[in-house]
Each structure stands twice: as structure tokens, then as C-alpha cells.
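Chain by chain, the residues run as shown.
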Amino acid sequence: MSKMAWKDVDKTKIFNFCESYIRFLNNSKTERLCTQTIKKIIESNDYKCICEFDSLKSGDKVYKINRDKSIIMAKIGDEMPQNGMNIIASHIDSPRLDLKPVPLYEDSEFALFKTHYYGGIKKYQWMSIPLSLIGVVIKENGEKINISIGEDESDPVFTITDLLPHLAQDQMSKKVSELFTGEDLNVLIGSLPSDEEKDAVKDNILKLLEAKYGICEEDFISSELELVPSFKAKNVGFDSSFVGSYGQDDRICAYTSLIAMIDASKTTKTTVCYFADKEEIGSMGNTGTKSMFFESFLASLINLTKENYSDIDLKNAFEKSMCLSADVTVAFDPNYKNVCEPLNSAYAGGGVCMSKYTGSRGKSSTSDANAEFVAKVRGIFNRNNVKWQIAELGKVDQGGGGTVAQYIANLNIDTLDCGVPILAMHSPFEVSSKLDVYMAYLGYKAFFEA
């Protein structure tokens, strides 16, 4: 078990790995973009859509995409999937601002978008920063229009204006939780008028959208448009020992498990890597972990490797499988010591972190991994020289949070939370230690090869 583990590691390997990770983050700011990026990476490593196979054998590599917003991949091992699988599950959605179904309005000769925040955010962190608009618009005839504004250097960006301190006496007297409401997160998008007498600025925006994208105001109803920070992932610190970026929760675990599975060489067990959507809002919906997508894919693996498939084969496979729920945890922050208990905290630079349970207060909404499985994972890491630590998510009565672990454990799969400690989690600029990023990769690779 490590606290600070920088002294006896190969810093060159760690820094090189994180350069690739930074590029991944910059190409994967939404769950749809992340799915596309993962698809490109795995196809370049000989993974093929499972729909192309009538049967599967040892060594075959397959994937499946769920509605362009989540993706799962598998490599058939020396042992067939019905004999148990080594699974790592992460999520690729992150807190953000979504456009409302009817977002566009004009006020005081400004055009603005109304938003609905997604996941847990501190609203004030999203004020007065540059925002990109990314997503899709689906027209009534089914045509898909891809939107990305703010990511290229030549693009305009958007922002939510805040009040100047000179006039903020009343505002600053409020509690932070009351400083802004969800209805205050309205995004500035333009001010030039058209020749119309009423709502001329809104009308001009609609004309610009129609000219460039062929969309009308009603098309917003069938769109998924997300506002995310437009700034790029960066090295942080004089020594560049940290990565700072939007969306590291949980694309940090998605990337490290993805590359770990590609690089894993000795895979006796069938290995599976699952990148889910909707974790930040409870894993609901048909692209979240509570959907049947995960189970259906694993059933397909067994069906394509075994004659006379039955449901009991899948249930037996669950019982013989093991899973790491790869999600981030809170890193001890010297600026906010009072929310963590030092003895049971994760430290940035201490290695990948196991969490026997997450949840809140009395372990609410957690799977609470059994001691036997924790010992097994600990042994895997120790035998492979992985720097690791174990922690809780803050003080017992301070709050808490959940992961996808409980939903996978409910299938009778041994499951343990294991991810990277993060500073400023759920902010527009989260910070991770490069050492922890690399140790997550090494730990996940060892787990796949176990």
C-alpha cells in the first residue's frame, strides 16, 4: 500500500502514457464523441462488431455500440465466457449543461439558450467560462446533424455571464447553494438583429442555424446538445506531474481500462471492457448500466461460443466472473482537509485506489465488496508491482456518492470499486496525478491477465 509513490517509478513511461491520455480527453468531451474515439482505437487493434460473427473462438475480439452513447468490447480467452469473465466497467458521461427542449429566447436584445444541468455540479463553477456546444440534432425525417462549435481555435464560444462584484452586494450575502438556481444558467449566444420587428436577434440566430446546419427551431425538440468547457486538457504544475481537464470523471478510467485490455497479452479468462452512459444521473435509461445492454452482450458471447445456450449458462457465468467498477474517488486536498479522514483517504500520487464500498453515510446504495474478493485484487496488484491504496469517499457523515458497482454486483458478480483519485471532482477542470493514471493502467492490465 502506497502513500506517495513517485520515488521508484519510470517517470518517462508515465509521462508518455499521459500524453496519449490528454489527446484522448481532448477528442472525447461527450459520451457520443467518447464512443466514437473508443471505436476508432479498438478497430485499429482488430476488434470487429459482434454482428459480423456467427460463432466465436479463443482470440476473437468483438465490440458492440449501444445507440452511439455506450460501447462494450470483449476478447475471447483460452477459457470460454461461460466459465467466467474478467470485467472492467467504467462510464463515459460527465456532468455538463444540456439544452432544454425549447432553449432559444430573446431578452433585452440578447439571444440566449436555456439549459438543464446534468449530474452533480456546483453552478457557480460554470459561470464566466468559455463553453463549446457539442451534440446532435435529429430532424423529423431522421437525418442526423452533428454539431460542434467551440472546439477549433477559429470557432466562437459561448458563456454564462456573472454579476460584477461592484453590484453584487445582495448576491454575495446568499449561501453558496442559493447563489444561483438552475434557471439562472442561461447561455449568451448572440446580439445581432435581423430585419424582423419582433425578436430580431432570435430570428437572426435561427437564420444562421438554418443556413449552416439546415435546422429550424422545432428541431431542438429532437436534439441532444451539450455545453462543455471549451478549454483543452493540460499538464498542471511546474513539474507537469498532474493532468487538468474537464471530464476526467470518468474518462480517466475508461481510457486506462481500454488501453489495458488492448495491451493485455496473457488472457486465460475472457476479458470484457464496458463503457457506460448515464452513471452521473443514476445509470437509468437504455444506455445506462441498469439497462439490459450489458447482460445481452454477455449472453451473446456465450451463445456464440457454446451450443445449446440457456439462461442458466449466463447466470453461472456471472457467478464465476469478477469485475472492477472503474470509477474515480476523491483525492485528499490540503485546502479542504476537514471533509476527509486522513487514515482512510486516497492521495494524489499514491497509486490506483480500491474502495471496498462507496455510498453515503451508512453505506447507502453500495455493493460493499466481500473481503475474499478484496484480498484477490490486492494480491493481483502486489504480484505485478502496482502501486495502490485503499480509501473511503470522505468522512462517514459528510456525504458520499455511488458508482455502477452495485448494479453489476446485483448480477451475482464479485465487484470492487477501483479507480483514480481526483482533485476538484465534478468541476469544469478536474485534476489527477499522472502516476495514478499510469498505475490504473497497470492495475487494470494485471486484472485482465489474472
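Residues numbered from 1 in each chain as written. Predicted model: local features only at pLDDT ≥ 70, side-chain atom pairs only at ≥ 80, totals over all residues. Heavy atoms only, no water.

Caption draft 1: Structural view of empty space enclosed by the protein. In total, this model carries one cavity of 30 Å³ or more according to the counting rule given. For the largest cavity, the calculated volume is near 40 Å³. Around the largest cavity, the lining residues are Leu-25, Asn-26, Ser-28, Lys-29, Phe-231, Lys-232, Ala-233, Ser-245, Tyr-246 and Arg-251. For the lining of the largest cavity, the per-class residue count stands at four nonpolar, three polar and three charged. (1 Å grid on protein atoms, 1.4 Å probe; cavity = no way out; pocket = protein on both sides within 12 Å on 5 of 7 lines; lining within 4 Å. Points joined across faces, edges and corners; volume = space filled by probe spheres on them. Nonpolar A, V, L, I, M, F, W, Y, C, P; charged D, E, K, R; others polar.)

Caption draft 2: Seen up close, the state of the cysteines. This structure, assessed with the given rule, holds zero disulfides. We note that Cys-273 lacks a disulfide partner, and the nearest cysteine sulfur, in Cys-323, lies 9.6 Å from it. Relative accessible area serves as the criterion here: at 0%, Cys-273 is assigned to the buried category. (Disulfide = S-S within 2.5 Å. Buried < 20%, exposed > 50% of the residue type's maximum accessible area, 1.4 Å probe, protein only.)

Caption draft 3: Representation of the environment of Gly-443 in the model. One can find Gly-443 in helix α11 (residues 434–449). Sequence spacing of Gly-443 and Trp-126 is 317 residues, and the spatial spacing of their C-alpha atoms is 34 Å. (Helix = DSSP H or I, 4+ residues; strand = E, 2+ residues; numbered from the N terminus.)

Caption draft 4: How the structure looks around the pairing of strand β5 (residues 96–107). Relative to strand β6 (residues 110–118), β5 runs antiparallel, the two sharing eight bridges. Within β6, the residue paired with Glu-106 across the bridge is Ala-111. The loop that links β5 with its antiparallel partner β6 comprises two residues; one of these, Ser-108, has a positive phi angle of about 55 degrees. Judged from the two bridges that link them, β5 and strand β10 (residues 223–229) form a sheet pairing that is antiparallel. Note on β10: the bridge partner recorded for Asp-98 is Glu-226. (Pairing = 2+ DSSP bridges.)

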